[in-house]
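# A look at the structure
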Amino acid sequence: MSNSNIRLDPRLSAVASLVKRGNRLIDIGTDHAYVPCFLVSSGVCPSAIAADLRKGPLQNARQTIAACALEHSIETCLSDGLDAIAPQKNCTVVLAGMGGLLITELLQRTPWVFESSVQLVAQPMSHAEDVRRFFFENGFAPERERCAADGKHVYCAMAAHFTGEKASVSPAMPYGGLLFQSEDGTAQRYLHLQFERLKKRRDALAAAGTDANEVARLNAVLADFEAMRA
Ligand SMILES: C[S@@+](CC[C@H](N)C(=O)[O-])C[C@H]1O[C@@H](n2cnc3c(N)ncnc32)[C@H](O)[C@@H]1O
């Protein structure tokens, strides 16, 4: 595999497109290391750390890195989240292909990411609202969000950096974030799917009659969601 042979699928392309040019890349949960190999070989990032919790995925990463002859600029690291990564500046931390709650837990316990020169790029496979909420509540300013469709799936990737200014946002914001301002067709599809998912959950809970507080919360989210899209 030569450098130019790394082809990213739409989901990982969305992730890569958000990474700040010139930053060192730290890819957490890298598995095959496609994102670091793509971004280093294309000159967007000068160097990278490809990290994973497990030895098997890290072996996949080493194989891709070797196939691209990028051993001199991409190092691998066995790490639970960012625990084994030394504090960095002027870097982008990518957390893609993991659940939203796990992503927030990994960030929460890493003090050095609460720094303005550290860009975060998250691509949660579920519970994206947890990641947006984490950003708003912990002083991270959202930079951009990109959606990508692959078959029947629509994925969202989001970039943010620390400013220290905590934001109190309206009920629907964690569910759509910057996408409420987007006219992109895939973003609109993502918002539609989010809305339908919330409505389904509200209807199921209302029918069960077990959690009136959550039904009321979801009603507020849905009303705000409609207002944001109007
Ligand atoms: C579904 S793969 C995603 C691979 C790639 N980032 C992508 O988006 O295509 C998830 C990877 O995250 C790794 N992972 C899960 N929990 C982790 C943790 N706490 N710290 C680091 N890596 C983790 C898994 O071992 C696996 O390789």
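Worth saying up front: this structure is predicted, and the values here are computed from it rather than measured. (Residues numbered from 1 in each chain as written. Predicted model: local features only at pLDDT ≥ 70, side-chain atom pairs only at ≥ 80, totals over all residues. Heavy atoms only, no water.)

### A look at the site of the ligand
Taken together, 19 residues surround the ligand, and among them Arg11, Gly29, Asp52, Asp80 and Gly81 come closest. Separating an oxygen atom of the ligand from a side-chain N or O atom of His32 is a distance of 3.4 Å. A distance of 3.1 Å separates an oxygen atom of the ligand from a polar atom in the side chain of Arg54. Listed by contribution, the elements that provide at least two residues to the shell around the ligand are helix H1 (10–18), strand E4 (91–98) and helix H4 (100–108). Examining the composition of the shell around the ligand, we find that three residues originate from one element, E4, more than from any other. Among the residues forming the shell around the ligand, the class breakdown is eight nonpolar, six polar and five charged. (Near = heavy atom within 4 Å. Polar contact = N/O pair within 3.5 Å; in protein donor to acceptor, adjacent residues only side chain to side chain. Helix = DSSP H or I, 4+ residues; strand = E, 2+ residues; numbered from the N terminus. Nonpolar A, V, L, I, M, F, W, Y, C, P; charged D, E, K, R; others polar.)

### Points about the domain arrangement of the protein chain
On domain assignment, one finds that the protein chain holds domain 1 (3–166) and domain 2 (169–230). Domain 1 and domain 2 are separated by 27 Å when their C-alpha centres are compared. Taken together, the contact between domain 1 and domain 2 spans 16 residues of the former and 16 residues of the latter. Across the domain 1 to domain 2 interface the summed buried area is about 1300 Å²; carbon plus sulfur atoms make up 66%. Of all residues in domain 1, Phe136, Cys147 and Val154 give up the largest surface area on contact with domain 2, accounting jointly for 39% of the area buried on that side. Our count for the contact surface shared by domain 1 and domain 2 stands at one salt bridge. Between Arg197 and Glu129 there is a salt bridge whose closest N-O contact spans 3.4 Å. The interface formed by domain 1 and domain 2 holds five residue pairs in polar contact (both at pLDDT 80 or more) in total. Among the secondary structure elements, those contributing two or more residues to the side of domain 1 that touches domain 2 are helix H5 (128–137), strand E6 (140–150) and strand E7 (153–162). Of the residues belonging to the side of domain 1 that touches domain 2, the class tally is eight nonpolar, one polar and seven charged. (Domains from an automatic or database assignment. Contact = heavy atoms within 4.5 Å. Buried area = accessible area lost by both parts, 1.4 Å probe. Salt bridge = Lys/Arg side-chain N within 4 Å of Asp/Glu carboxyl O.)

### Some remarks on the sheet that holds strand E2 (residues 48–52)
Pairing is mixed in the open sheet, where seven strands are placed in the order E3-E2-E1-E4-E5-E7-E6. Looking at the sheet topology across the chains shown, the edges are occupied by strand E3 (74–78) and E6. Geometrically, the sheet is characterised by an average inter-axis angle of 15 degrees between neighbouring strands, direction not taken into account. In terms of strand pairing, strand E5 (residues 118–124) meets E7 through four bridges, oriented antiparallel. Counted as the bridge partner of Ala122 is Met158 from E7. With respect to the sheet, helix H2 (residues 34–41) is in contact with strand E1 (24–28), E2 and E3, its orientation differing from that of E1 by roughly 165 degrees. Sheet strands touched by H5: E5, E6 and E7. Its angle to E7, the strand with the most contacts, is close to 15 degrees. (Pairing = 2+ DSSP bridges. Axes fitted to C-alpha atoms, helices over the stretch in contact; angles between N-to-C directions.)

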